[in-house]
Amino acid sequence: MEKIDFQERVRRRNEFDASIVYGTRQFNLLTRRQEHMAFREDNDDLWIDKKSGRIFEKFSEKRNCPLCSSADHTVIFVKSGFPHVKCNNCSLVYVNPILNRAEYEKLWSSEDSWENVLESEHQIKMQALEAAYSLDIAGLYFAGEKKADICDVGCGPGTLLSEAKKRGHRVFGIEPNRRCHGILKDKGIAFTEDFFPLKKDLGMKFDCIFLLNTLEHLRDPLLIVREAGKLLKERGVIYVSLPCIDALVNRVMHEKAGVFGGHSHIQFFSILTLSELFRKAGLKVLEYETIITEIGVIKNYLSFLDPYFGENPDNLDFITPELIYRNHLARNLNMVGRIG
Ligand SMILES: [Zn+2]
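Anyway, here's the lowdown on the structure attached to this text. These numbers come from a predicted model, not from an experiment. (Residues numbered from 1 in each chain as written. Predicted model: local features only at pLDDT ≥ 70, side-chain atom pairs only at ≥ 80, totals over all residues.)

### Description of the overall build of the chain
Secondary structure assignment for the chain yields 14 helices and 15 strands. For the chain, whose C-alpha radius of gyration is 20 Å, the value lies close to the compact-globule estimate of 20 Å for 340 residues. Its C-alpha atoms put the chain at 55 × 45 × 40 Å along the principal axes. Nonlocal contacts in the chain, meaning residues at least 24 apart in sequence, comprise 71% of its contacts between residues at least 6 apart. (Helix = DSSP H or I, 4+ residues; strand = E, 2+ residues; numbered from the N terminus. Rg over C-alpha atoms; globule rule 2.2 N^0.38 Å. Contact = placed C-beta atoms within 7 Å.)

### Side note on the sheet that holds strand E5 (residues 82-87)
Taken together, 4 strands build an open sheet; the order of strands is E4-E5-E6-E13 and the sheet is antiparallel. Each edge of the sheet is formed by a strand with only one pairing partner; in this case those strands are strand E4 (73-79) and strand E13 (267-268). One ladder, built from 6 bridges, connects E4 with E5; its direction is antiparallel. Residue pairing in the sheet places valine 78 in a bridge with proline 83 of E5. (Pairing = 2+ DSSP bridges.)

### Re unusual backbone geometry
Note that the residue after asparagine 96, namely proline 97, is joined by a cis bond; omega there is 0°. The topology assignment puts proline 97 in the loop between strand E6 (93-95) and strand E7 (98-99). Residues phenylalanine 196 and proline 197 are joined by a peptide bond in cis, for which omega reads 0°. With a phi close to 50°, histidine 254 is a non-glycine residue in the positive phi region. As for its placement among the helices and strands, histidine 254 is situated in the loop between helix H11 (248-253) and E13. In this structure, isoleucine 292 is a non-glycine residue whose phi angle is positive, near 70°.

### Comments concerning the packing of helix H7 (residues 121-142) against helix H8 (residues 159-166)
Viewed as axis vectors pointing N to C, H7 and H8 meet at an angle of 55°, and their least axial separation amounts to 9 Å. By the angle between their directions, the pair H7 and H8 is classed as oblique. Crossing hand, H7 versus H8: right-handed. Between H7 and H8, the contacting residues are Ile124, Gln127, Ala128, Ala131, Ala132, Ser134 and Leu135 on the first element and Thr159, Leu160, Glu163 and Ala164 on the second. Of the residues in the contact of H7 with H8, the class split is 7 nonpolar, 3 polar and 1 charged. (Axes fitted to C-alpha atoms, helices over the stretch in contact; angles between N-to-C directions. Parallel < 35°, antiparallel > 145°, perpendicular 65-115°, else oblique. Left-handed = near helix turned anticlockwise from the far one by under 90°. Nonpolar A, V, L, I, M, F, W, Y, C, P; charged D, E, K, R; others polar.)

### With respect to helix H10 (residues 221-230)
Buried residues of H10: Pro221, Ile224, Val225 and Ala228, and no others. Projection of H10 onto a plane perpendicular to its axis shows the buried side chains occupying an angular sector of 90°, all on one side. For H10, the secondary structure elements touched by its buried residues are strand E8 (149-153), strand E11 (206-212), strand E12 (232-243), E13 and helix H12 (271-280). (Buried ≥ 20, exposed ≤ 12 C-beta atoms within 10 Å, placed from the backbone. Arc of directions from axis to C-beta.)

Purely geometric stuff here, so don't read any function into it on its own.
As structure tokens, this is what we get:
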């Protein structure tokens, strides 16, 4: 197994870090994120009881900790009417209450401002580089040189799978969002439209299953990872990427950080809590690291500028990508695990 050393990992991660490649303001304008943010603000108004500042009970649903089932928690902040709480037993941060199923489904059938962001050419370019990197890291553990069977749960328009296909792997996507199906067909990627866990037996096992920016959206992340584990071949691996609660951008900005929305991201893992999720799902952690520094956002905020659209922040040269990566403080946590 060939290793990729820290310096090489820094160089590769910087290549798909939009804050570094484009600058934060420039990238957000190019990918039309301001339109998405405006859409979100308009929608949030519909659920919030102006008197209490919280979402209306009729739209919401209470829950226990999705990692340890404890009901004991402390509210750490409220964002867009949604309390974000920390479990007093296992330390997972999760949204409670969340939007109920009826409201959630209404939202997802109407929201396409985020899809517009995802389809911008600059976003696609960054994601393709990130996908190539993720495949290289996962490939350290599933013998990536050879022809492997690769599955992406929530594969979207198939950015990772088309990169895997180019490398000669056999690929399979799971994606319920109709908007992506035409794109997947055009790319010649086999997929199912089913939600995960699947109702039907696929009759396939995989060398690597990717769960990229998926577990933070779903009500039962432990069930998802357990079920994904059942689809692995004997030496197969799971690769998870999700927003890390302990990221520097979140530690500095708290509820002002863009990752906190309320209705969409409903739990936030750390190295500790994601390792615990892996353990409960019967997986051994092979490695973890963080990606996407958000360095421009942090510098804007520390310069009293709009964090996402500010220009010319103070230098603050002591905050470097290396510092962030070395201390596992970037926005997304990537973890690789194997059954056993
Ligand atoms: Zn808990």
